[in-house]
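Read off the chains here:
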Amino acid sequence: MNTVQALITIALCAVATMLTRFLPFLLFPAGKPTPKFVRYLGHALPPAVFSMLVVYCLKNVQITAGSHGLPELIAISVVAALHLWKKQTLLSIAGGTLVYMLLVQFVFI
């Protein structure tokens, strides 16, 4: 990539970033109510994304081989328990990830 191509790439990235930052404020000004569809997406998409992540993370787990899916099951249980206890999404995700990584590195070798 020569200098001109690099500058064009940087400029396009800057424009795209600015567009994604400013466009919501232009489409949905402060004095105007947010459309119902956008509010619906705000409520429906987070659980859908997390559900897809769970399916993606568990798609290759084989319960008939190796550790029989125990590290994954334990980590999911930790995530659920932490979330029911503290109601902190990031803490639940971090705790489950930490437990899973410790299990696969030191217990289920």
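Here, the structure is the one placed above.
Residues numbered from 1 in each chain as written. Predicted model: local features only at pLDDT ≥ 70, side-chain atom pairs only at ≥ 80, totals over all residues. Heavy atoms only, no water.

Draft legend 1. Structural detail: the overall build of the chain. Of the regular secondary structure elements, the chain holds 4 helices and 0 strands. In sequence order, the secondary structure elements of the chain are arranged as α-α-α-α. Seen through its principal axes, the chain has C-alpha atoms that stretch 50 × 45 × 25 Å. Here the chain, with 109 residues, has 8% of them falling under the buried criterion. (Helix = DSSP H or I, 4+ residues; strand = E, 2+ residues; numbered from the N terminus. Buried < 20%, exposed > 50% of the residue type's maximum accessible area, 1.4 Å probe, protein only.)

Draft legend 2. Quick look at the packing of helix α3 (residues 70-86) against helix α4 (residues 89-107). Where α3 contacts α4, the two axes come as close as 8 Å, and the packing angle between them is 155°. The orientation of α3 relative to α4 falls into the category roughly antiparallel. The way α3 lies across α4 gives a crossing that is right-handed. From α3, P71, E72, I74, A75, V78, V79, L82, H83 and K86 reach across to α4, where they touch T89, L91, S92, G95, G96, V99, Y100, L103 and V104. (Axes fitted to C-alpha atoms, helices over the stretch in contact; angles between N-to-C directions. Parallel < 35°, antiparallel > 145°, perpendicular 65-115°, else oblique. Left-handed = near helix turned anticlockwise from the far one by under 90°. Contact = heavy atoms within 4.5 Å.)

Draft legend 3. Structural view of the layout of surface pockets. Of the volumes computed, that of the largest pocket is approximately 680 Å³. Taken together, the elements giving at least two residues each to the lining of the largest pocket come down to α2 (36-58), α3 and α4. (1 Å grid on protein atoms, 1.4 Å probe; cavity = no way out; pocket = protein on both sides within 12 Å on 5 of 7 lines; lining within 4 Å. Points joined across faces, edges and corners; volume = space filled by probe spheres on them.)

Draft legend 4. Just helix α1 (residues 3-27), in detail. Taking 1.5 Å per residue as the helical rise, α1 with its 25 residues ought to reach 36 Å, and the 35 Å between its terminal C-alpha atoms agrees with that figure. Maximal helix bending in α1 amounts to about 30°, located at R21; proline P24 follows within four positions. Near the N-terminus of α1, the side chain that reaches the backbone nitrogen of V4, with its oxygen 3.2 Å away, is that of N2. (Expected span 1.5 Å × (residues − 1). Bend = angle between axes of the 7 residues up to and from the residue. Polar contact = N/O pair within 3.5 Å; in protein donor to acceptor, adjacent residues only side chain to side chain.)

Draft legend 5. Fine view of the side chain of S92. Relative to the helices and strands, S92 is located in helix α4. For S92, a relative accessible area of 2% puts it in the buried group. A distance of 3.2 Å separates the side chain of S92 from the backbone nitrogen of H83, its partner in a polar contact. Dropping the residues within four chain positions of it, S92 is found in contact with V79, L82 and H83.

Draft legend 6. Representation of the side chain of E72 in the model. Secondary-structure assignment places E72 in helix α3. Buried charged residue E72 carries no salt bridge. Nearest counter-charge: K59, at 12 Å. Those residues in contact with E72 that sit more than four places away from it in its chain are L58, V61 and Y100. (Lys, Arg positive; Asp, Glu negative; His and termini not counted. Salt bridge = Lys/Arg side-chain N within 4 Å of Asp/Glu carboxyl O.)

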